[in-house]
Amino acid sequence: MSPGRGRFIAFEGGEGAGKSTQARLLAEALQARGLTVITTREPGGTPGAEAIRALLLAPPGEAGWTPEAEALLFAAARADHVAHLIRPALARGQWVVCDRFVDSSRAYQGGAGGLGDAAITALHAFGSNGLRPDRVILLE
């Protein structure tokens, strides 16, 4: 790819919808066209975000995380992911294909968790400077 900003594509959808498979297939197709592609996931993708992922997958105690704490942890993982992997890759002209991004938090913590969309988008605006993918692909 010529120098300049890369492109950011996120796959969203429920569990088992095929996000990981489709992300991999898209990355392979883009690489076959000569593009440099990074595949990643949320939560995770960087050492800091993976450490937070481990906390999310194994919450302490029987009660687990409160919806607010869970939303903050997801936002923290995303902030690290954006700062240390996604934005630098885009600045190098690379394409980033991500399995989940902020829309998952909007659905799970904002909707299902009852925190509301405004709270999740405010966390994203603060933690990740509101970065949005160039394209979101929703799989059902």
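Residues numbered from 1 in each chain as written. Predicted model: local features only at pLDDT ≥ 70, side-chain atom pairs only at ≥ 80, totals over all residues. Heavy atoms only, no water.

**Some details on empty space enclosed by the protein**
One pass over the structure, following the stated rule, counts one cavity of 30 Å³ or more. Taken as a whole, the largest cavity holds about 40 Å³ of empty space. Together, Ala71, Phe74, Ala75, Arg78, Ser105, Gln109, Ile120, Leu123 and His124 line the largest cavity. Elements represented by at least two residues in the lining of the largest cavity include exactly helix 3 (67-91), helix 4 (102-112) and helix 5 (117-128). Ranked by residues supplied to the lining of the largest cavity, first place goes to helix 3 with four residues. Residue composition of the lining of the largest cavity, grouped by class: five nonpolar, three polar and one charged. (1 Å grid on protein atoms, 1.4 Å probe; cavity = no way out; pocket = protein on both sides within 12 Å on 5 of 7 lines; lining within 4 Å. Points joined across faces, edges and corners; volume = space filled by probe spheres on them. Helix = DSSP H or I, 4+ residues; strand = E, 2+ residues; numbered from the N terminus. Nonpolar A, V, L, I, M, F, W, Y, C, P; charged D, E, K, R; others polar.)

**Things to note about the pattern of salt bridges**
Scanning all chains against the criterion turns up eight salt bridges. Where Asp117 meets Arg106, a salt bridge forms, and the shortest distance between an N and an O atom there is 2.6 Å. Taken together, the positions of Asp117 in helix 5 and Arg106 in helix 4 put the pair 11 residues apart, joining distant regions of the chain. Of the residues examined, Asp117 reaches a relative accessible area of 35% and is grouped as partly exposed. A network of salt bridges, in which partner residues are shared, links Asp103, Arg106, Asp117 and Arg132. (Salt bridge = Lys/Arg side-chain N within 4 Å of Asp/Glu carboxyl O. Buried < 20%, exposed > 50% of the residue type's maximum accessible area, 1.4 Å probe, protein only.)

**Points about the layout of surface pockets**
Taken as a whole, the largest pocket spans an internal volume of roughly 510 Å³. Lining the largest pocket are 23 residues; nearest its centre among them are Glu15, Glu42, Pro43, Phe74 and Arg100. Only helix 1 (19-32), helix 2 (47-57), helix 3 and helix 4 provide two or more residues apiece to the lining of the largest pocket. Per-class residue counts for the lining of the largest pocket are seven nonpolar, seven polar and nine charged.

**Some remarks on the packing of aromatic side chains**
The full count for this structure, using the stated rule, is one aromatic pair. Sitting over the ring of Phe101, Arg78 keeps its end group 5.5 Å from the ring centre. (Phe/Tyr/Trp six-rings, centres within 6.5 Å; stacked < 30°, edge-to-face > 60°. Lys NZ or Arg CZ within 6 Å of the ring centre and 35° of its normal.)

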